[in-house]
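# Geometric and topological summary
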Amino acid sequence: MIWSKEETLPREEIEKIQLERLQETVKRVYDKVAPYRAKMDAAGVKPEDIKTLKDLAKLPFVTKQDMRDNYPFGLFAVPKDKLVRIHASSGTTGKPTVVGYTKGDLDTWTECVSRIACMGGATEKDVAQICFGYGMFTGALGLHYGLENIGAAIVPSSTGNSQKQIMYMQDFETSLLVATPSYALRLAEVARREMGVDPKRDLKVKIGLVGSEMLTDAMREEMHKVWGEDMLITSNYGMSELMGPGVSGECEYMEGMHINEDFFIPEIIDSKTGEVLPAGEKGELVITCIKKEGLPLIRYRTKDITRLFYDKCKCGRTFCRMENLSGRSDDMLKVRGVNVFPSQIEEVILSFDELGPHYEIVVEREGYTDKLTVKVELNHATDSFTVLENLAKRVSGKLKTILGLDAKVKLESPNTLQRFEGKAKRVKDLRKV
């Protein structure tokens with residue numbers, strides 16, 4: 001189902017809407033946001049210089065550091081008394097990034113999430129269990145209002161108490177699950193190992209709207225193994241700074257995530273030079289918000305690595321699609337001069353039937369040499385040293401082929417590595433300690 005007519009507009013009409021909204025947004029931000037006006041003045045660009053969409057490249061970037069430097073409300077384009085909602089990041093790596101919403105922003109947010117929920121197969125007949133943490137994190141409330149808007153019944157169960165989550169799924173006949181990929185796998189593990197419940201046979205969950213973490217093809221396949229091959233598992237994308245969930249989402253054809261282009265203009269840039277790259281080339285995603293009232297960020301550097309496609313999708317939508325993320329430029333590890341993305345390691349791990357989806361990456365420095373260790377759980381315990389040694393060698397060999405460097409593989413007993421209810425933290429870089 002397609003939620004709104006805007007999703008199927010011809011490219012010329014999409015770009016007409018984008019240019020009108022971009023011009024209005026740039027003028028408003030220049031007039032009302034002093035730090036951004038200073039950045040534009042330093043770049044030698046005025047609102048009247050934005051005559052075409054290509055002129056977007058003249059505007060300066062905004063980064064998370066800009067938000068921290070102007071904490072809490074310095075980048076807002078409306079006075080505080082016009083806000084009806086405030087969210088913030090955890091602030092674990094510095095000052096939190098604060099985001100706020102006017103009533104109009106909440107309406108926009110609800111519209112965007114309604115679209116991506118429909119892309120993922122949601123209907124008014126669904127019972128949707130939201131296993132994101134409610135609170136300052138935008139994911140739970142974003143999906144809540146979007147799904148509620150299309151008529152689904154909401155179970156706002158949040159995270160934690162996984163056995164009770166499974167009980168709700170049984171008793172309420174939950175048909176749609178909202179969770180991170182890692183927590184969806186954790187719920188299936190609790191159901192099978194601790195409760196004797198087979199998610200494929202005993203539960204009615206047929207749709208998974210997963211987000212907040214990168215969903216690799218291997219992780220999606222792992223979810224199919226435990227939740228059922230007929231479960232429609234789609235990834236959706238967003239971040240608090242831009243709005244929350246609802247920036248883009250996959251449809252049933254899963255050939256990239258459709259970006260709500262009447263609300264966001266995407267670009268792909270070279271992370272080092274800032275140069276805008278042609279369609280189809282991989283680089284860092286930059287997003288401009290062209291309908292937000294409270295915090296209308298322009299050319300926000302997301303640090304996420306992807307590429308864009310502009311051909312019409314088989315579902316009928318004409319919005320451009322972003323490829324599922326390859327990683328984040330700030331998540332990339334440089335080990336002995338080699339660029340390593342955690343997603344590469346995950347793909348290798350999940351290609352072995354003997355291994356489970358739970359793993360940890362540890363980088364240490366001994367003397368002047370970096371050491372990479374991958375800890376991963378076995379699916380089934382074994383006391384055979386020969387079997388374990390052979391498996392570790394095979395995994396290590398495949399990692400070397402993919403990464404181009406040696407990695408030590410430590411095979412752990414089932415159910416021993418840390419589980420995550422929110423966004424999984426897989427990497428320990430001890431070189432920074």
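Here the structure is shown first, and the text comes after it.
Just so it is clear, the model here is predicted, and its values are computed rather than measured. (Residues numbered from 1 in each chain as written. Predicted model: local features only at pLDDT ≥ 70, side-chain atom pairs only at ≥ 80, totals over all residues. Heavy atoms only, no water.)

## Concerning the sheet that holds strand S10 (residues 264-269)
In a beta sheet, neighbouring strands are held together by backbone hydrogen bonds and run either parallel or antiparallel to one another. Convention followed: When DSSP finds two or more bridges between two strands, those strands count as paired. In this description a helix means any DSSP run of H or I spanning at least four residues, a strand means any run of E spanning at least two, and both kinds are numbered starting from the N terminus.
Taking strand neighbours across the sheet as the criterion, the 4 strands line up as S10-S11-S12-S15 in an open arrangement whose pairing is antiparallel. The sheet is open, and its two edges are formed by S10 and strand S15 (327-328), each paired on a single side. Relative to S15, strand S12 (residues 300-306) runs antiparallel, the two sharing 2 bridges. Counted as the bridge partner of isoleucine 305 is glycine 327 from S15.

## Regarding the sheet that holds strand S20 (residues 408-412)
The following threshold applies: Here an axis means a line fitted to C-alpha atoms, over the contact stretch when the element is a helix, while the angle between two N-to-C directions is reported on a 0 to 180 degree scale.
If you walk across this open sheet you meet the 4 strands as S20-S19-S18-S21, and the pairing is mixed. Where the open sheet ends on each side, the last strands, each with one partner, are S20 and strand S21 (427-429). Across the sheet, the mean angle separating the axes of adjacent strands is 15 degrees when strand polarity is ignored. Pairing between strand S19 (residues 369-378) and S20: 5 bridges, direction parallel.

## Re the pairing of strand S8 (residues 244-250)
Let me state the cut-off plainly: Only protein chains enter the calculation, and the probe is 1.4 Å; a residue is then buried if its accessible area is under 20% of its type maximum, exposed if over 50%, and partly exposed in between.
In terms of burial, S8 is largely enclosed, as 7 of its 7 residues are buried. Where strand S7 (residues 232-239) lies against S8, 4 bridges are found, and the strand directions are antiparallel. Within the sheet, the bridge partner assigned to methionine 239 lies in S8 and is glycine 244. In textbook terms, the turn of a hairpin is the stretch between consecutive antiparallel strands, and for S7 and S8 this stretch comprises 4 residues. Relative to strand S9 (residues 257-259), S8 is paired through 3 bridges, and the arrangement is antiparallel. Along S9, the bridge assignment pairs glutamate 250 with methionine 257. A loop of 6 residues connects S8 with S9, the two strands running antiparallel in sequence, and methionine 254 in this loop sits at a positive phi of about 50 degrees.

## Digging into the pattern of salt bridges
Our working definition: In what follows, salt bridge is the name for a side-chain nitrogen of Lys or Arg lying within 4 Å of a carboxyl oxygen of Asp or Glu.
Inspection of the entire model under this criterion finds 36 salt bridges. When the shortest N-O distance is used, the salt bridge between lysine 39 and aspartate 66 registers 3.4 Å. Here lysine 39 is found in helix H2 (residues 34-43), whereas its partner aspartate 66 is found in helix H3 (residues 64-69), with 27 residues between them in sequence. Residue classification places lysine 39 among the partly exposed positions, given a relative accessible area of 26%. Overlapping salt bridges, with partners in common, bring together Arg186, Glu189, Arg193, Glu194, Glu377 and Arg419 in one network.

## A short note on the pairing of strand S6 (residues 207-210)
Note the following rule: For the handedness criterion, the strands are oriented away from the viewer, and a crossover whose path from the first strand over the helix to the second runs clockwise is classed as right-handed.
Both faces of S6 are covered, namely the face carrying Ile207 and Leu209 and the face carrying Gly208 and Val210. Strand direction decides the pairing type here: strand S5 (residues 176-179) and S6, joined by 4 bridges, are parallel. Looking across to S6, one finds that leucine 177 is bridged to glycine 208. Here S6 runs beside S7; their pairing, made up of 4 bridges, is parallel. Bridging across to S7, leucine 209 finds its partner in threonine 234. Chirality of the crossover, the property in question, places the unit of S6, helix H9 (residues 217-227) and S7 among those that are right-handed.

## Regarding the layout of surface pockets
Which entries qualify depends on this criterion: Grid points spaced at 1 Å over the protein atoms alone were grouped into cavities, where a 1.4 Å probe fits but cannot get out, and pockets, open sets with protein on both sides within 12 Å along at least five of seven lines, with lining residues defined by an atom within 4 Å of a point. Grid points are joined across faces, edges and corners, and a volume is the space filled by probe spheres set on the points. Under the convention adopted here, Pro, Cys and the residues Ala, Val, Leu, Ile, Met, Phe, Trp and Tyr are nonpolar, Asp, Glu, Lys and Arg are charged, and Gly plus all remaining residues are polar.
When its volume is computed, the second largest pocket comes out at roughly 460 Å³. Put simply, the parts of the chain that give the lining of the second largest pocket at least two residues each are helix H1 (11-32) and S10. A total of 4 residues in the lining of the second largest pocket trace back to one element, the largest contributor, which is S10. Split by residue class, the lining of the second largest pocket holds 12 nonpolar, 3 polar and 6 charged.

## Topic: the side chain of aspartate 304
Definition in use: Two residues form a contact once any of their heavy atoms are found within 4.5 Å.
When you line up the elements, aspartate 304 lands in strand S12. Once residues lying within four places of it in the same chain are set aside, the contact partners of aspartate 304 are Tyr237, Met239, Gly283, Glu284, Leu285, Leu325, Gly327 and Arg328.

## Notes on the packing of helix H7 (residues 181-195) against H9
Packed helices, taken two at a time, are described by their axes: the angle between them and the distance between them. The condition that has to hold: Should an angle fall under 35 degrees it is taken as roughly parallel, and over 145 as roughly antiparallel, whereas 65 to 115 is taken as roughly perpendicular and any remaining angle as oblique. By convention the crossing between two helices is left-handed if the near helix lies anticlockwise of the far one by an angle smaller than a right angle, and right-handed if it lies clockwise.
Where H7 contacts H9, the axes come no closer than 10 Å and their chain directions differ by 25 degrees. Taken together, the axis directions place H7 and H9 in an arrangement best described as roughly parallel. In this structure, the crossing between H7 and H9 has a hand that is left-handed. In contact with Pro181, Ala184, Leu185, Leu187, Ala188 and Arg192 of H7, H9 contributes Met219, Glu222, Met223, Val226 and Trp227. Its residues placed into classes, the contact of H7 with H9 shows 9 nonpolar, no polar and 2 charged.

Purely geometric numbers; function is a separate question.
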